[in-house]
Amino acid sequence: MSFFKFITSKFFWWQIIFAIIATILLLCLVMWGLGIYTSSGRTIIVPQFKGFLIPEIDEELRNSNLDYVVIDSIFKENARPGEIMEQIPAAGQKVKKGRKIFLTINAYSLPTVLMPQLVDYSLRNAQVVIETAGLRMGRISYKKSEFSGLVLEQLVDGQPIAAGTRLTKGQSIDLVVGQGYDNKESVVPQCVGSTLREARSILNSAGLNPGQLIYDRCVTTREDTLSSVVYRQNPSGDGSQMVKVGSQISLWLTTDMQKVISEEISNAD
């Protein structure tokens, strides 16, 4: 049989058709197998895990056929130890069954830092060093000294603390500062509209201390306390009040911004 007759014969074309059908069936079988292997079309919406503790999400992870890995920990003061701070993939994303969710949690134990040397520093420089070290300014008291404006003592809970001592990050450092033999006074700064942390820094820079803290009725939780702002102070910070260095300024705090705005308008008038 000649080549021309062969390629025009029914036998040849039936072989071609069979090969095409077999190829299509094989491709369909392969795609079906891959679909089963990769769970194609069976996606899971990632739940919201941020803000929860790991024991609180265990059941939801099992029900969702997901797993997790803790990849990092950070420290955030107003979060619970072990609280989930970040997740990858984010909530709402579609993932395959069995996917690992990578979590960053709030540290279980507080980080520590070394106590810096502050004695013989000016008050302003000491404040910068304290904040840079991850510590907080505490109370400032004054002592008659020829070294006016210099730090004479550094204290924690009323006790002297040596430089190099390991402390919990965020711990409060009290300072005893030299005051000349003249009764120096300071202008009361404006704290209205500032958070308590900002108000402390403003007052400390003026050589003053926060006094009584009065919280509004709307401040009911720890989160409210951290986010509240000053809406009134005594003495006022209108620029006309002078007090002795080391004096205390009473602060009223709220989460109601309308009160803050009203007080600022009143001060402006």
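In this report, the structure presented in the accompanying data block is examined. (Residues numbered from 1 in each chain as written. Predicted model: local features only at pLDDT ≥ 70, side-chain atom pairs only at ≥ 80, totals over all residues. Heavy atoms only, no water.)

1. Overview of the sheet that holds strand E3 (residues 84-88)
- Here three strands make up an open sheet; going across it, the order is E2-E5-E3 and the pairing mixed. The open sheet has two free edges, formed respectively by strand E2 (67-74) and E3, since each of these has just one partner strand. Geometrically, the sheet is characterised by an average inter-axis angle of 25 degrees between neighbouring strands, direction not taken into account.
- Pairing of E2 with strand E5 (residues 100-106) involves seven bridges; the strand directions are parallel. Bridge pairing links Tyr 68 to Ile 101 in E5.
- Helix H3 (residues 54-63) contacts E2, E3 and E5 of the sheet and is inclined by roughly 160 degrees relative to E2. (Pairing = 2+ DSSP bridges. Helix = DSSP H or I, 4+ residues; strand = E, 2+ residues; numbered from the N terminus. Axes fitted to C-alpha atoms, helices over the stretch in contact; angles between N-to-C directions. Contact = heavy atoms within 4.5 Å.)

2. Some thoughts on the sheet that holds strand E13 (residues 209-215)
- Across the sheet, three strands lie side by side as E13-E16-E14; this open sheet has mixed pairing. If you trace the sheet from one side to the other, it starts and ends with E13 and strand E14 (229-234), each paired once. Adjacent strand axes in the sheet meet at a mean angle of 35 degrees when their direction is disregarded.
- With respect to the sheet, helix H5 (residues 196-205) is in contact with E13, E14 and strand E16 (248-254), its orientation differing from that of E13 by roughly 155 degrees.

3. Brief notes about the layout of surface pockets
- Each pocket or cavity is described by its volume, and for the largest pocket that value is around 650 Å³.
- Contributing to the lining of the largest pocket are 24 residues, with Glu 77, Arg 136, Gly 170, Arg 197 and Leu 226 lying nearest its centre.
- Elements represented by at least two residues in the lining of the largest pocket include exactly helix H4 (123-132), strand E7 (136-144), H5 and helix H6 (222-227).
- In terms of residues, the lining of the largest pocket owes the most to one element, H5, which gives five residues. (1 Å grid on protein atoms, 1.4 Å probe; cavity = no way out; pocket = protein on both sides within 12 Å on 5 of 7 lines; lining within 4 Å. Points joined across faces, edges and corners; volume = space filled by probe spheres on them.)

4. Some details on the nonpolar core
- Counting 17 residues, the largest nonpolar core has Cys 191, Leu 203, Leu 208, Val 230, Ile 249 and Leu 251 as the members making the most contacts within it.
- Those elements that provide at least two residues to this core are H5, E14 and E16.
- When neighbours within four sequence positions are excluded, Leu 251 is seen to be in contact with Cys 191, Leu 196, Ala 199, Leu 203, Pro 210, Gln 212, Leu 213, Ile 214, Val 230, Arg 232 and Gln 233.
- Ranked by size, the runner-up nonpolar core spans 16 residues in total, among them Ala 126, Met 137, Val 151 and Ile 161. (Core = buried A, V, L, I, M, F, W, Y, C linked by side-chain atoms within 4.5 Å. Buried < 20%, exposed > 50% of the residue type's maximum accessible area, 1.4 Å probe, protein only.)

5. Examining the packing of H4 against H5
- Between H4 and H5, whose axes approach to 10 Å, the crossing angle comes to 155 degrees. When the axis of H4 is compared with that of H5, the two are roughly antiparallel. Counted together, Leu 123, Arg 124, Gln 127 and Glu 131 of H4 and Ser 201, Asn 204 and Ser 205 of H5 form the full contact between these two elements.
- Here the contact of H4 with H5 is built from residues that sort into one nonpolar, four polar and two charged. (Parallel < 35°, antiparallel > 145°, perpendicular 65-115°, else oblique. Nonpolar A, V, L, I, M, F, W, Y, C, P; charged D, E, K, R; others polar.)

6. A closer look at unusual backbone geometry
- Cis peptide bonds are those with omega within 30 degrees of zero, and the linkage from Ile 88 to Pro 89 qualifies with 0 degrees.
- Looking at where Pro 89 falls in the secondary structure, it is placed in the loop between E3 and strand E4 (94-96).
- Put simply, Asn 234 and Pro 235 share a cis peptide bond, and its omega is 0 degrees.
- By secondary structure assignment, the location of Pro 235 is in the loop between E14 and strand E15 (242-244).
- Residue Asp 120 is not a glycine yet carries a positive backbone phi of 80 degrees.
- One can find Asp 120 in the loop between strand E6 (112-114) and H4.
- Although it is not a glycine, Asp 157 sits at a positive phi angle of roughly 55 degrees.
- By secondary structure assignment, the location of Asp 157 is in the loop between strand E8 (151-156) and strand E9 (159-160).
- Residue classification places Asp 157 among the exposed residues on the basis of a relative accessible area of 69%.

7. Description of the packing of aromatic side chains
- One pass over the structure, following the stated rule, counts zero aromatic pairs.
- If you follow Arg 232 out to its NZ or CZ, it ends over the ring of Trp 252, 5.5 Å from the centre. (Phe/Tyr/Trp six-rings, centres within 6.5 Å; stacked < 30°, edge-to-face > 60°. Lys NZ or Arg CZ within 6 Å of the ring centre and 35° of its normal.)

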